[in-house]
Amino acid sequence: MIEVKDLCKNYGSNKAVDNISFSAENGEILGFLGPNGAGKSTTMNIITGFLSATSGQVLINGTDVLEDPVEAKKNIGYLPEIPPLYPDMTVDEYLNFVYDLKKCKLPKRSHLGEICDLSRISDVRKRVIRNLSKGYRQRVGLAQALVGNPKVLILDEPTVGLDPKQIIEIRTLIKKLGKNHTVILSSHILPEVQAVCDKIAVINNGHLIADDTAENLSHSLAHENKIIVQIDGPLKEVKQLLTAISDVESIYERKTADKSITEYEISSKCDIRREIFKRMSARNYPILLMKSSELTLEEIFLKLTTGDFYGENGGEE
Amino acid sequence: MLAIMKREIRAYYTTPLGYVFTAVFWGFSGLFLWLNCLSAGSSAMGGVFQMMFFVNMIIIPVLTMRTIADDKRQKTDQLTLTSPVSLFGIVMGKFLGAFFVFLCSSLVMIIYGCSLSAAVASAGERFEWEMFWGHYAGLVLMGALFIAIGIFISSLTESQMIAAIGSIGVNIAVCLFDIISSYVSNETLAGIINSLSVFYKYNEFTQGIFSLKNTVFFVSAASLFLFLTIRVIERRRYA
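Residues numbered from 1 in each chain as written. Chains lettered and ligands numbered in written order. Predicted model: local features only at pLDDT ≥ 70, side-chain atom pairs only at ≥ 80, totals over all residues. Heavy atoms only, no water.

Q: Any chance you could explain the overall build of chain B here in plain terms?
A: Looking only at helices and strands, chain B features 11 helices and 0 strands. Each helix and strand of chain B, placed in order from N terminus to C terminus, yields the pattern α-α-α-α-α-α-α-α-α-α-α. Computed over C-alpha atoms, the radius of gyration of chain B comes to 19 Å, within 12% of the 18 Å expected from 2.2 N^0.38 for 239 residues, which places it in the range of a compact globule. Structurally, chain B occupies a C-alpha span of about 65 × 50 × 30 Å along its principal axes. Classification of the 239 residues of chain B by burial places 53% in the buried group. Long-range pairs, those at least 24 residues apart, make up 74% of the contacts in chain B with a sequence separation of at least 6. (Helix = DSSP H or I, 4+ residues; strand = E, 2+ residues; numbered from the N terminus. Rg over C-alpha atoms; globule rule 2.2 N^0.38 Å. Buried < 20%, exposed > 50% of the residue type's maximum accessible area, 1.4 Å probe, protein only. Contact = heavy atoms within 4.5 Å.)

The following block contains the structure:
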């Protein structure tokens, strides 16, 4: 498991990572989400001991990365943003080197064979890395992280450069690995995080602004029973009809491109979709669109990472 | 450490670098052997070893230029620095890799020694092996120091070019101590500058003097540069 406590990293006066704390248990996949330059890679580099923190603590299975780096690093498999490959080696030579480097004790031949099968690079094992395509390089990088079967996997944007079929394969693989490993993966691709991760940590400007499951995030940010409807009918009358529904709390209307159609955002105490339908159909005003305004991950992300939400939550900058 | 050393050696010999280094070493040492011994009819190899100082001053930086600079540029340092190997192990592995290539190339000097010895023996004289081993020890120690300097400079930059030119510059500067000292009138100061001179120390070896003092100088100077390399890498983590 991984525990990150009050992590800070300053580059001069610039705070790349500001007071981040989170943890991931064994068998958990934590998605690290944030726009470019948010501090994802920096945080991952600190967790793996590549960079040191200005302050704060990282524990890998209870071992402090700074205090006992060699022991802590034994438990980490790391795929950095750019896979750390030596272009002049063949895949086989490279994996053998990593095997020796990590002082791995598992039976060499079968272990490396297994990893190559998992990451689907068995057919390029004899080829020189320089000549491999981006997708293959990415997968060799992933294979490298798996050598030695470390308990903690840190994957920085693992699906970059892969084609859609490979992306699905790698996601399936990560999900499978997540059952008995602790996995942290970073991404700015939202559906990916949604598809793979149990928990999501959203990071922006070096601040951790959310750390929860995808559903909880969506719930906590979306207002209960808020729906958006588009109705073709005279504004005044439609609004009157809507206000007459007993549980409605507030209505905002917006003009759309078509003058006769208005969009209404309705908050209510309970589900009023049927009631709206009945009333509108009685007057023959067609409902053109009706959707719950429960936020998608994309909207959560935008909401969290744009200034207004950040301001509301007491950011200091 | 062993894994890194093995990879370094493999890298030297899967790229032309290792072979080119050896070829240049052999070419120049052969040339100087011909000039100093064969055509001059002498069996004293001191001159050959002395000239090899200047050759190594320029070719060793080429051997070491990519050691750490290239790791940084290709981001492979993210693999080595996040693997369960100490910084000492990483730097030492790189040092030993380059040192191995240098040592293999320098073995040719022993072949020269043997052939000279055979030629001298046929003339009924004795080849001075004691002198030769004194020279050879000097060459190996000098190689170790230049490699350590090269690795240190390589750790300061991402560009192999700058690393090579930088270490050639440092190597030349280290030799210039001699020339500077001859211009210094104050004797104590001249003595201090002289005592730092690598070339001066190496020259004692080429005269066949194996002194413990000079050996300690080379070993500690090489260790100093390797230690500085470790510090540079460590410092980068805190940057």
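Structure's up, so let's keep going.
Q: Would you mind showing me how to read the interface of chain B and chain A here?
A: When the parts come together, some accessible area is lost, and that loss is often what is quoted as the size of the interface. Opposite the 26 residues of chain B that make contact, chain A presents 30 residues. For the pair chain B and chain A, the summed buried area comes to about 2,700 Å², and 61% of that belongs to carbon and sulfur atoms. Across the chain B-chain A interface, the total number found is 3 salt bridges. Across the salt bridge formed by Arg10(B) and Glu93(A), the nearest N and O atoms sit 3.2 Å from each other. When residues of the side of chain B that touches chain A are traced back to their parent elements, those giving at least two are helix H1 (2–14), helix H5 (77–80) and helix H11 (212–238) of chain B. If one sorts the elements of the side of chain B that touches chain A by residue count, H1(B) sits on top with 7 residues. Considering only residue class, the side of chain B that touches chain A consists of 9 nonpolar, 9 polar and 8 charged. (Buried area = accessible area lost by both parts, 1.4 Å probe. Salt bridge = Lys/Arg side-chain N within 4 Å of Asp/Glu carboxyl O. Nonpolar A, V, L, I, M, F, W, Y, C, P; charged D, E, K, R; others polar.)

Q: Is there a simple way to explain the packing of aromatic side chains in this structure?
A: Given two aromatic rings, their pairing is described by the distance between the two centres and the angle made by the two planes. For the coordinates displayed, the defined rule picks out 25 aromatic pairs over all chains. Relative to Phe25(B), the ring of Phe21(B) lies with its centre 6.3 Å away and its plane at 40°, an arrangement referred to as tilted. Residue Phe21(B) and its partner Phe25(B) are both found in helix H2 (residues 16–38); the two are separated by 4 residues, about one turn of the helix. Relative to Phe225(B), the ring of Phe152(B) has its centre 5.7 Å away and its plane inclined at 55°; by these criteria the two rings are tilted. Separated by 73 residues along the polypeptide, Phe152(B) in helix H7 (residues 129–155) and Phe225(B) in helix H11 bring together distant segments of the chain. The class for Phe225(B) is buried, based on a relative accessible area of 18%. Through a chain of ring-to-ring contacts, the aromatic side chains of Phe49(B), Phe127(B), Trp129(B), Phe132(B), Trp133(B) and Tyr136(B) assemble into a single cluster. Here Arg139(A) stacks its cationic end above the ring of Tyr136(A), 4.5 Å away from the centre of that ring. (Phe/Tyr/Trp six-rings, centres within 6.5 Å; stacked < 30°, edge-to-face > 60°. Lys NZ or Arg CZ within 6 Å of the ring centre and 35° of its normal.)

Q: Before we go on, may I ask you to explain the packing of helix H6 (residues 87–122) of chain B against H11(B) in this structure?
A: When two helices pack together, their arrangement is given by the angle between the helix axes and by the axis-to-axis distance. Residues and elements named next belong to chain B. Their axes nearest at 10 Å, the elements H6 and H11 cross at an angle of 130°. One element, H6, and the other, H11, form an angle in the oblique class. Handedness of the H6/H11 crossing: right-handed. In contact with Leu-87, Phe-88, Val-91, Met-92 and Phe-95 of H6, H11 contributes Leu-226, Thr-229, Ile-230, Ile-233 and Glu-234. Looking at side-chain class alone, the contact of H6 with H11 contains 8 nonpolar, 1 polar and 1 charged residues. (Axes fitted to C-alpha atoms, helices over the stretch in contact; angles between N-to-C directions. Parallel < 35°, antiparallel > 145°, perpendicular 65-115°, else oblique. Left-handed = near helix turned anticlockwise from the far one by under 90°.)

Q: I tried to follow the confidence of the model for chain A on my own but got confused; where do I start?
A: Should pLDDT be low for a region, the predicted coordinates there are not to be read in detail. Residues and elements named next belong to chain A. For chain A, the mean per-residue pLDDT works out to 85, and 92% of the residues sit at or above 70. Helix H12 (residues 307–312) is the least confidently modelled element of chain A, averaging 45 in pLDDT, while helix H3 (residues 91–101) averages 94, the highest of any element. Taken together, the stretch residues 308–317 has pLDDT below 50 and engages in 10 contacts with residues farther than four places along the chain or on a different chain. (pLDDT = per-residue confidence, 0-100.)

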